[in-house]
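Structural features, examined
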Amino acid sequence: MKKFYLTTILALIFFASSHAQTTSIYGVFPTIDHSSSLTKKLDYGFYYFGAFNLLNEEVNGVKDDANFFAFYAEQSLTYKLTKNLSVTGAYVYERQHPTENNYRNENRFYLQAAYAYSLKRTNLKHRLRYDGRFIQNRVTLDRPYTSRVRYLFGVNTPLRKGNDKLYLNMYNEFFFDLNSSGPLYSENWAYAGIGLKLNKNNAVEAGPLNIFWVNGDNSRINFLYLQLTWISHINFYNNNRNNNLRKNQNN
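Another point: the sheet that holds strand S5 (residues 104–119). Overall, mixed pairing links the 11 strands, which are arranged S1-S2-S3-S4-S5-S6-S7-S8-S9-S10-S11 in a closed barrel. Strand-to-strand, the axes of this sheet are offset by a mean angle of 20°, without reference to chain direction. Note that strand S8 (residues 163–177) and strand S9 (residues 185–197) share 11 bridges and pair antiparallel. Across the sheet, the residue bridging to Glu173 is Trp189, located in S9.

Set out below in structure tokens:
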């Protein structure tokens, strides 16, 4: 079963990266993924990334310079309904071309449900997310409301038997626009990274992230990034419980 899931998600990543594109862009994708348990049921999360385009394929004789393509900031609250099922609400700010005159601002909220479970030592995750988007029109200054649905399937598994310090993390996420003006299947994100747990609260990951966009004319832009991620989690709930237990024992 473990081999089946790994083979499936690798096939999805290959499928995403092998689509015919009109443009290919290469770069780095530094990411910060921080979360914390506030109570037994409630977590908060911060997720930030920058997309830096370093090398662009020449298309029709035109080649873009290296640039800071996008900045993304997400703040979320997650409520655990059960051990395996959780719901999340979040606010997101995204800015494309943040240091240039042709920047684009987007304010977004999302609502999601996630179901995570384990098969032996392999962790599996299904995530369904609804995005409500307000994208700024630089000409009219309007911010029309658009929406989309996203589905993610992820696998996280140790690379060494009896030791989960070194692990493999993979996912594929499908994006479906709910607006009649564009293509239904609008984006795909596929990632496969090697992670190293530094201690009980911190880990680092590195691996390729492939993103492709489908434009209204069915042309595609393909992004291939090296994603570098710092992951941290602090369990304030358990820390506070342990401190209270010590105080009670000393009284």
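Taken together, the side chains of Ile32, Leu196, Leu198, Val204 and Trp230 define a hydrophobic patch exposed on the protein surface, amounting to about 410 Å² of accessible area. In this fold, Leu196 is placed in strand S9. Overall, the relative accessible area of 34% leaves Leu196 in the partly exposed class.

Here we come to the side chain of Asn210. Tracing the sequence through the fold places Asn210 in strand S10 (residues 202–214). Among the residues examined, Asn210 registers a relative accessible area of 4% and is labelled buried. Looking at Asn210, its side chain comes within polar contact range of the side chain of Asn222, at 2.9 Å.

This structure, assessed with the given rule, holds 24 aromatic pairs. For the pair Tyr47 and Tyr72, a centre-to-centre distance of 6.1 Å together with 80° between the ring planes defines the contact as edge-to-face. With Tyr47 in strand S2 (residues 42–56) and Tyr72 in strand S3 (residues 67–80), the pair connects residues that are 25 residues apart, well separated along the chain. With a relative accessible area of 5%, Tyr72 lands in the buried category. Judged by centre distance (6.3 Å) and plane angle (50°), the ring pair of Phe109 and Tyr130 falls under tilted. Of this pair, Phe109 sits in strand S5 while Tyr130 sits in strand S6 (residues 122–135), and the two are 21 residues apart along the sequence. On the basis of relative accessible area, Phe109 is assigned to the partly exposed category, the value being 30%. An aromatic cluster is present here, built from Phe29, Tyr47, Phe49, Phe69, Tyr72, Phe175, Trp189, Trp213, Phe223 and Tyr225 joined pairwise through their rings. Here Arg95 stacks its cationic end above the ring of Tyr103, 3.8 Å away from the centre of that ring.

Here we come to the pattern of salt bridges. What the rule picks out here adds up to 11 salt bridges. One salt bridge connects Glu94 with Arg108, and the closest N-O pair in it is separated by 2.6 Å. Here Arg108 lies in strand S5 and Glu94 lies in strand S4 (residues 85–96), a separation of 14 residues in the sequence. For Glu94, a relative accessible area of 12% puts it in the buried group. Across the pair Glu187 and Arg148 runs a salt bridge, and its minimum N-O distance is 3.1 Å. With Glu187 in strand S9 and Arg148 in strand S7 (residues 145–160), this pair connects stretches of sequence that are 39 residues apart. Residues Glu187 and Arg148 agree in their burial class; the two are buried. Taken together, the shared-partner salt bridges in this structure form one network comprising Arg127, Asp131, Arg148, Arg150, Glu173 and Glu187.

Definitions and cut-offs
Residues numbered from 1 in each chain as written. Predicted model: local features only at pLDDT ≥ 70, side-chain atom pairs only at ≥ 80, totals over all residues. Heavy atoms only, no water. Pairing = 2+ DSSP bridges. Helix = DSSP H or I, 4+ residues; strand = E, 2+ residues; numbered from the N terminus. Axes fitted to C-alpha atoms, helices over the stretch in contact; angles between N-to-C directions. Patch = residues over 30% accessible without salt bridge, like charges linked within 9 Å, V, L, I, M, F, W, Y side chains within 5 Å. Areas by Shrake-Rupley, 256 points an atom, 1.4 Å probe, with all protein chains shown as cover. Salt bridge = Lys/Arg side-chain N within 4 Å of Asp/Glu carboxyl O. Buried < 20%, exposed > 50% of the residue type's maximum accessible area, 1.4 Å probe, protein only. Polar contact = N/O pair within 3.5 Å; in protein donor to acceptor, adjacent residues only side chain to side chain. Phe/Tyr/Trp six-rings, centres within 6.5 Å; stacked < 30°, edge-to-face > 60°. Lys NZ or Arg CZ within 6 Å of the ring centre and 35° of its normal.

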